[in-house]
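# Topology and contacts: notes
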Amino acid sequence: MAKEIKFIHNLRGKGRPQILLIGNGVERAYGSASWDKLIDSINVRKFNEETYKEINKLPFPVRYELLATYENAPASFSQDDMDAEEKRMANAMRALLPCKDTRERNINENCNELFKWLPTLGVDHIFTTNYSYCPEEGYYPNREFEKKSVRKNLRFNLNPQKDKKGRPSQEKRFRLHSGYLVGTSSGSAKKVGIWHIHGECGAPTSVVLGHDKYGRLLKRIIAVCDDEIEYKEKIAKNITYEFKSWPELFLFGDIYVVGFGFAECEFDLWWLLRRKQREIYADGKVYFYEHEIRDVPSAKQMLLTAHGVELRYNEFSGKDDKYKEFYKQAFDDIRKKVCIGQ
């Protein structure tokens, strides 16, 4: 396990955290599993096609709650009911572990080359809503991240809450203070923190699915942003700050969003966007790389700009057969902007 890890950045101006927020869209461009496939693997119900059409109208977190619950559900779950749901989640996550699937993509022509470019972007941190270890494999393509021992050697834990031995308490459910510290195998690239903000497949209990988990996660995020950041004593008096959680980094950094749809149901991140606007000690920006071009802006596009987000387009925006090219050009733009921000 990495020791004495410290993420120290400026709070404002040049030197503030440079963060890539990457979603499932990048993996989907290279044939990885969709969220719908994940839901299908957890589904315990059987409906006809017409009923499924209605169910698919539900926001993703609520759809999970429906399909992961047996018919004739009791008013109160037993411990056995909750344990069974955890077990189904664990089985689904094992199916998504990158062991065979990801390394085969590295050999084949269809390998996800975008993740191999991550070390070249110059970002300080990578936030991912994905459960797989594709970002980590972008730095270490030959390591077997399905193995706990491999992950353990890269894991950091900055949790201010301590266990009985005075060590940072392990985060089993919501990993706000822990992640992986990566570089290149040669050690020539800067060290980067990778944060699985909605959990990871190697730790099924950490996976955020369903509105219950989203609600509990938001409660923890609010506590971090309002309680753990000591504004008057530290932030107001210092140029630099030692960051110990990804919500703190979100508030103060420049964030480059690629391949993440920012669905309206992702209310933890929408809350953070508004909270970021209200942080008087920060001047970080949010850039959303938008593939969809519309004559009249979509409701989501208008909502993003209302939250201070800058929509960025490129020559491949709007071309449904050019997703890979769109992401490559977005990465080129991020590389340039990060260089300026540092």
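Data block above holds the structure.
## Some details on the overall build of the protein
Within the protein one finds 15 helices and 10 strands. Out of the 342 residues belonging to the protein, those deemed buried represent 49%. Expressed as a percentage of contacts within the protein between residues at least 6 apart in sequence, the contacts between residues at least 24 apart total 72%. On the protein, roughly 17100 Å² of surface is accessible, and the fraction owed to carbon and sulfur atoms is 49%.

## What to know about helix H4 (residues 60-67)
Side chains three or four residues apart in an α-helix point the same way, a direct result of the helix having 3.6 residues per turn. Extensive coverage of H4 is indicated by the burial of six of its eight residues. Among the residues of H4, those classed as buried are Phe60, Pro61, Arg63, Tyr64, Glu65 and Leu67.

## Details of the sheet that holds strand E8 (residues 254-258)
Spatial ordering of the open sheet is given by E4-E5-E6-E3-E2-E8-E9-E10, a layout of eight strands whose pairing is mixed. Each of the sheet's edge strands pairs with one partner strand only, and the pair in question is strand E4 (155-157) and strand E10 (309-312). Ignoring strand direction, the axes of neighbouring strands in this sheet form an average angle of 25°. The pairing of E8 with strand E9 (residues 286-289) spans three bridges and is parallel. Residue pairing in the sheet places Val257 in a bridge with Phe288 of E9. Where helix H14 (residues 299-306) meets the sheet, its contacts fall on E9 and E10, and the angle it forms with E10 comes to roughly 130°.

## Let's talk about the packing of aromatic side chains
The tally for this structure, following the rule as stated, stands at 15 aromatic pairs. Centre to centre, the rings of Tyr133 and Phe145 are 6.1 Å apart; their planes meet at 20°, and the pair counts as stacked. Pair noted here: Tyr133 is in the loop between strand E3 (125-128) and helix H8 (134-139) and Phe145 is in the loop between H8 and helix H9 (148-152), with a separation of 12 residues, a long-range link. Judged by its relative accessible area of 0%, Tyr133 is buried. Feature note: the residues Phe260, Phe262, Trp270 and Phe288 constitute an aromatic cluster, connected by ring pairs. For Arg143, the ring lying beneath its charged end belongs to Tyr140, and the centroid distance is 4.0 Å. Above the plane of the ring of Tyr180 lies Arg155, whose end atom (NZ or CZ) is 4.4 Å from the centre.

## Quick look at the pairing of strand E2 (residues 18-22)
Buried residues dominate E2, accounting for five of its five residues. On E2, burial covers both faces: Gln18, Leu20 and Ile22 on one face and Ile19 and Leu21 on the other are all buried. Relative to E8, E2 runs parallel, the two being bridged by five bridges. By the bridge assignment for E8, Gln18 is matched with Asp254. Two elements, E2 and E3, share four bridges in a ladder whose sense is parallel. Each residue of the ladder has a partner; that of Ile19, found in E3, is His125.

## With respect to the environment of Gly210
Its place among the elements puts Gly210 in the loop between strand E6 (192-196) and helix H10 (211-228). The class of Gly210 is buried, set by a relative accessible area of 0%. As a C-alpha pair, Gly210 and Arg63 span 147 residues in sequence and 7.6 Å in three-dimensional space. Beyond its immediate chain neighbours, meaning those up to four positions away, Gly210 contacts Pro61, Tyr64 and Glu65.

## Describing the side chain of Asn314
Looking at the element boundaries, Asn314 is found in the loop between E10 and helix H15 (323-341). Judged by relative accessible area, which is 15%, Asn314 ranks as buried. Of note is the side chain of Asn314, whose polar atom sits 2.8 Å from the backbone nitrogen of Phe316. In this structure Asn314 touches Phe326, Gln329 and Ala330, once residues within four positions along its chain are discounted.

## Some remarks on the nonpolar core
Counting 45 residues, the largest nonpolar core has Leu20, Ile126, Phe331 and Ile334 as its most contacted members. Broken down by element, this core gets its largest block of residues, six residues, from H15. Formed by 41 residues, the second largest nonpolar core is a distinct cluster that contains Ile5, Val224, Phe260 and Leu272.

## Considerations on the pairing of strand E5 (residues 178-182)
For a regular strand, the rule is simple: side chains alternate between the two faces of the sheet. The buried fraction of E5 amounts to five of the five residues, a majority that puts the element mostly inside the structure. In the sheet, E4 pairs with E5 via three bridges, with the strands oriented antiparallel. When the bridges of E5 are listed, Phe156 appears paired with Gly179. Here E5 runs beside E6; their pairing, made up of three bridges, is antiparallel. Residue pairing in the sheet places Val182 in a bridge with Val192 of E6.

## Considerations on the packing of helix H13 (residues 267-277) against H14
Look at H13 against H14: their axes get within 10 Å of each other, and the N-to-C directions meet at 35°. Contact residues: Trp270, Leu273, Arg274 and Gln277 in H13; Lys300, Leu303, Leu304 and Ala306 in H14.

Conventions used here
- Residues numbered from 1 in each chain as written.
- Predicted model: local features only at pLDDT ≥ 70, side-chain atom pairs only at ≥ 80, totals over all residues.
- Heavy atoms only, no water.
- Helix = DSSP H or I, 4+ residues; strand = E, 2+ residues; numbered from the N terminus.
- Buried < 20%, exposed > 50% of the residue type's maximum accessible area, 1.4 Å probe, protein only.
- Contact = heavy atoms within 4.5 Å.
- Areas by Shrake-Rupley, 256 points an atom, 1.4 Å probe, with all protein chains shown as cover.
- Pairing = 2+ DSSP bridges.
- Axes fitted to C-alpha atoms, helices over the stretch in contact; angles between N-to-C directions.
- Phe/Tyr/Trp six-rings, centres within 6.5 Å; stacked < 30°, edge-to-face > 60°.
- Lys NZ or Arg CZ within 6 Å of the ring centre and 35° of its normal.
- Polar contact = N/O pair within 3.5 Å; in protein donor to acceptor, adjacent residues only side chain to side chain.
- Core = buried A, V, L, I, M, F, W, Y, C linked by side-chain atoms within 4.5 Å.

Worth remembering: the numbers are spatial, not functional.
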